[in-house]
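Summary of structural features
Residues per chain, in single letters:
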Amino acid sequence: MTTKEKILVEALRLFSTSGFEAVSVRDIAGAVGVHESSLYKHYKNKQDIFDTIIDKSAQRIHAIHQKLAVPNPEHSTLAQEYKEMSLETLGEISSKLFLFYLRDDVVGQFRKMLTIEQYRNSTVSNMFKKIFIDDALQFQSAIFKKFMDAGTFVKGDPYIMALHFYSPIFLLLCKYDSTSDNDLEASGFIKKHIAEFSSHYAVNPED
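We now turn to the structure provided with this report.

So, the pattern of salt bridges
Oppositely charged side chains can form a pair if their charged atoms are brought close together. Using the criterion set out here, one finds nine salt bridges in the structure. Across the pair E117 and R120 runs a salt bridge whose closest N-O atoms are separated by 3.2 Å.

Here it is, written out as structure tokens:
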């Protein structure tokens with residue numbers, strides 16, 4: 001790992017436990033084991049480090065979505081993909097995605113950092129709300145709208161449907177955030193939630 005990478009790792013660790021405002025450049029340099037002057041060779045200032053962490057986190061989120069083949073509402077074949085996807089497969093994808101947001105070294109700490117800092121910084125608060133609430137609900141709403149239009153989901157308000165889907169997942173993230181040995185239990189709850197949600201909203205082709 002390069003010094004530049006170590007700076008990001010240690011900065012994120014400190015930000016996720018103490019918050020952005022409470023951590024100084026000196027703190028970061030000390031955690032890395034370099035002088036402040038060495039840190040400035042790689043990043044202009046603390047804000048530059050913070051912005052880079054945001055970019056790296058976004059890249060990791062995009063990569064895991066691609067790896068797990070998370071449904072994309074922009075694809076015209078979305079509804080057909082859902083029809084051909086078993087409930088077990090959907091549960092596996094949702095479970096792996098949930099554990100990624102919970103345990104990934106970068107994204108997990110990034111979420112904790114925004115959670116801590118949102119009460120002290122309006123910009124960070126808006127960022128947390130956008131990434132982990134508004135964008136997630138809009139993404140799910142678009143997917144469910146496609147499902148309803150294709151007749152694979154019952155008719156209704158796609159945003160309310162997204163709230164029904166995402167709220168328990170967000171709550172489970174909060175529940176298991178401070179634990180490290182209950183991943184199997186958490187994964188089980190996610191799969192049960194997906195099954196229960198589908199039983200209420202998915203249209204049975206035989207009906």
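What to know about the packing of helix 9 (residues 158–176) against helix 10 (residues 183–201)
For the pair helix 9 and helix 10, interaxial distance at closest approach is 11 Å and the crossing angle is 170°. Taken together, helix 9 and helix 10 sit at an angle that is classed as roughly antiparallel. Two secondary-structure elements touch here, helix 9 through M161, H164, F165, P168, I169, L172, K175 and Y176 and helix 10 through E185, A186, F189, I190, H193, I194, F197 and Y201. Its residues assigned to classes, the contact of helix 9 with helix 10 shows twelve nonpolar, two polar and two charged.

Considering the environment of K145
Mapped onto the fold, K145 is located in helix 8 (residues 122–150). Residues K145 and A162, 17 residues apart in the sequence, show an inter-C-alpha distance of 9.8 Å.

Digging into the nonpolar core
Counting 57 residues, the largest nonpolar core has F15, I28, I49, F50, I53, L114 and F144 as the members making the most contacts within it. Going through the elements one at a time, helix 1 (3–18), helix 2 (25–32), helix 4 (46–67), helix 6 (87–103), helix 7 (107–117), helix 8, helix 9 and helix 10 are the ones with two or more residues in this core. Top element by residues in this core is helix 8. It accounts for ten residues. In this structure F15 touches F20, V23, I28, K46, I49, F50, I53, M113 and I116, once residues within four positions along its chain are discounted.

Examining the side chain of K46
Inspection of the secondary structure puts K46 in helix 4. E21 provides the closest opposite charge to the buried, unpaired K46, separated from it by 4.9 Å. Reaching out from K46, the side chain makes a polar contact with the backbone oxygen of V23 at a distance of 2.7 Å.

Conventions we followed
- Residues numbered from 1 in each chain as written.
- Predicted model: local features only at pLDDT ≥ 70, side-chain atom pairs only at ≥ 80, totals over all residues.
- Heavy atoms only, no water.
- Salt bridge = Lys/Arg side-chain N within 4 Å of Asp/Glu carboxyl O.
- Axes fitted to C-alpha atoms, helices over the stretch in contact; angles between N-to-C directions.
- Helix = DSSP H or I, 4+ residues; strand = E, 2+ residues; numbered from the N terminus.
- Parallel < 35°, antiparallel > 145°, perpendicular 65-115°, else oblique.
- Contact = heavy atoms within 4.5 Å.
- Nonpolar A, V, L, I, M, F, W, Y, C, P; charged D, E, K, R; others polar.
- Core = buried A, V, L, I, M, F, W, Y, C linked by side-chain atoms within 4.5 Å.
- Buried < 20%, exposed > 50% of the residue type's maximum accessible area, 1.4 Å probe, protein only.
- Lys, Arg positive; Asp, Glu negative; His and termini not counted.
- Polar contact = N/O pair within 3.5 Å; in protein donor to acceptor, adjacent residues only side chain to side chain.

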